[in-house]
2 protein chains.
Amino acid sequence: MPQGVLLVISGPSGTGKGTVCGRLRERLPHLAYSVSATTRAPRAGERDGVNYFFLTKEEFQSRIERGEFLEWAEVYGNYYGTPRSYVERMLSSGRDVLLEIDTQGAMQVKANYPAGVFVFLLPPTLEELGRRITCRGTEIEEERRRRLSAARNEIAQIRNYDYLVINDTVQEAVAKIEAILVAERARVKHFSDEELKARLEGQPE
Amino acid sequence: MPQGVLLVISGPSGTGKGTVCGRLRERLPHLAYSVSATTRAPRAGERDGVNYFFLTKEEFQSRIERGEFLEWAEVYGNYYGTPRSYVERMLSSGRDVLLEIDTQGAMQVKANYPAGVFVFLLPPTLEELGRRITCRGTEIEEERRRRLSAARNEIAQIRNYDYLVINDTVQEAVAKIEAILVAERARVKHFSDEELKARLEGQPE
């Protein structure tokens, strides 16, 4: 059986990753998504192995040292990361895995799993991105400027990605990502020599 | 405007290229297809520039020497070829171009236009290919063996292609190729730096 595809959806803050990935999960129930590990305390109702893998700081750090994360980051004193073993188990069983992640995380994943498929999601224009950030209403002007400036730096890295999907409408963006998944499963390099041979067996003579 | 995609559909004889490409053209009217050049005489009703570009043998040979074909071949004393200028004009105007072609031709196109997207079409198994060849009813056993053996050699070149599409049903094969086209138009490498910049213009500050 061919490996699943590791589909990494990334892009600047305000680009609509969460909405697009939510819709993708609804439409493609076969899509596995990664359960992150974290050192923060579980909140009411959160279950270990479902919402997060909850780890102590010592355990998390020793896993970093053993290279057991596809990516990790420290945010406000807590660690968050994507466990390599969980993702690889899904991929080996033939399931595609969706990772929704910021651009720093995406480039870590690329370094650790170059066979992944990296999609950069963008709003139609930077102007629109500015509007979307503003429209949330909770941001002060300085924070808005900071995020726009960060977005420009992230966009400069676009050549490190395989695909650019413009998020004009959620529906169109989702349709494009679904097409990307179908196409990637048909890539010749996605098949091992053994799989190609197995596909064609049943010699007629 | 981004260049169109040159989509090359190839595969062994008996693989169903003609049916799949016919259906694709029905479903995607924006798809241009190449008009071939030939030295054979026009048949009743055939029009120059529509069915073929009709050329004298001398003219064809001098165009070969000037590198004006993406691929060409001699078949039973007549030349057939795909004019580079016609295809490039279509691509420059942003239209995708479909080329349905045998595997020798496809590899010539790849040498001359490496940015093309190369799809290898195969029946589910070699056994099925054998059946499809036989089912035509017009082939004698020796011809059938010859074509199967040729097919095996062509399949060995599959790593030179970008995509493998298994022609289980015409409908599924066509859906996969349509997805490939959508995905290829979203490839980051499909955009020039100028196009990426233009996409994002409309600076908010």
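Just so you know, these numbers come straight off a predicted model, no measurement behind them.

Rules used in this analysis
- Residues numbered from 1 in each chain as written.
- Chains lettered and ligands numbered in written order.
- Predicted model: local features only at pLDDT ≥ 70, side-chain atom pairs only at ≥ 80, totals over all residues.
- Contact = placed C-beta atoms within 7 Å.
- Helix = DSSP H or I, 4+ residues; strand = E, 2+ residues; numbered from the N terminus.
- Nonpolar A, V, L, I, M, F, W, Y, C, P; charged D, E, K, R; others polar.
- Pairing = 2+ DSSP bridges.
- Axes fitted to C-alpha atoms, helices over the stretch in contact; angles between N-to-C directions.
- Buried ≥ 20, exposed ≤ 12 C-beta atoms within 10 Å, placed from the backbone.
- Arc of directions from axis to C-beta.
- Least-squares fit on C-alpha atoms with pLDDT ≥ 70 in both.
- Domains from an automatic or database assignment.

A. Geometry of the interface of chain B and chain A. Contacts between the two partners involve 28 residues from chain B and, on the opposite side, 28 residues from chain A. For the side of chain B that touches chain A, the secondary structure elements donating two or more residues are α5 (126-135), α6 (141-155), β9 (163-166), α7 (170-185) and α8 (193-200) of chain B. Considering every element that reaches the side of chain B that touches chain A, the biggest residue donor is α7 of chain B, with five residues. In terms of residue class, the side of chain B that touches chain A is built from 18 nonpolar, four polar and six charged.

B. Fine view of the sheet that holds β9 of chain B. Residues and elements named next belong to chain B. With parallel pairing, the five strands of this open sheet are ordered in space as β2-β7-β1-β8-β9. Strand pairing shows two members of the sheet lacking a second neighbour, β2 (32-33) and β9, which therefore form its edges. Relative to β9, strand β8 (residues 117-122) is paired through four bridges, and the arrangement is parallel. Paired with L122 across the two strands is I166, which belongs to β9. Across the sheet, helix α3 (residues 84-92) is in contact with β1 (6-10), β2 and β7 (97-100); its angle to β7 comes to roughly 145°. Of the strands in this sheet, β1, β8 and β9 are in contact with α7, which crosses β8 at around 165°.

C. Up close: the pairing of strand β6 (residues 78-83) of chain A. Residue and element names in this part refer to chain A. When strand β3 (residues 37-38) meets β6, the two strands line up antiparallel, connected through two bridges. Following the sheet pairing, T38 is matched in β6 by Y80. Hairpin connection, strand β5 (residues 69-75) to β6: the antiparallel pair is bridged by two residues, and Y76 has positive phi, about 50°.

D. Here's a closer look at the sheet that holds strand β1 (residues 6-10) of chain A. All names here are of chain A. Judged by pairing direction, the sheet is parallel, and its five strands sit side by side in the order β2-β7-β1-β8-β9 without closing on themselves. Of all strands in the sheet, those bounded by a partner on one side alone are β2 (32-33) and β9 (163-166). In the sheet, β1 pairs with strand β7 (residues 97-100) via four bridges, with the strands oriented parallel. Note that in β7 the partner of I9 across the bridge is E100. Contacting β1, β7 and β8 (117-122), helix α4 (residues 103-112) crosses the sheet at an angle of about 155° to β1. Against the sheet, helix α7 (residues 170-185) engages β1, β8 and β9, with an angle of about 165° to β8.

E. How the structure looks around α4 of chain A. Residues and elements named next belong to chain A. Residues of α4 that are buried: T103, G105, A106 and V109. Take α4 and look down its axis: the buried residues cluster within an arc of 155°, on one side only. What points out from α4, more than 90 degrees from its buried face, is the exposed set Q104 and A111. Where α4 is buried, its residues touch β1, β5, β7, β8 and α6 (141-155).

F. Quick peek at the relation of the copies chain B and chain A. When chain B is brought onto chain A, the operation consists of a screw motion whose angular component is 180° and whose axial shift is 0.0 Å, with 0.0 Å RMSD remaining. In symmetry terms, the pair is related by a two-fold rotation axis. Within chain B, the C-alpha atom positioned nearest to the axis of rotation is that of A179 of chain B, 2.2 Å from it. Comparing interface residues between copies, 100% of those in chain B also lie at the interface in chain A; the contact surface is shared.

G. Spatial organisation of the domain arrangement of chain A. Residues and elements named next belong to chain A. Per the domain assignment, the segments of chain A are domain 1 (1-31 + 96-198) and domain 2 (35-94). If you average the C-alpha positions of domain 1 and of domain 2, the two centres end up 21 Å apart. On the domain 2 side, the residues contacting the 14 residues of domain 1 number ten residues. Elements that contribute at least two residues to the side of domain 1 that touches domain 2 include exactly β7 and α4. For the side of domain 1 that touches domain 2, the element with the highest residue contribution is α4, accounting for five residues. The residue inventory of the side of domain 1 that touches domain 2, partitioned by class, reads eight nonpolar, six polar and no charged.

H. Broad picture of the environment of Y52 of chain A. All names here are of chain A. With respect to the helices and strands, the residue Y52 is situated in the loop between β3 and β4 (53-54). As a C-alpha pair, Y52 and V109 span 57 residues in sequence and 18 Å in three-dimensional space. The residues touching Y52, leaving out its near neighbours within four places in the chain, are V35, S36, A37, T38 and E46.

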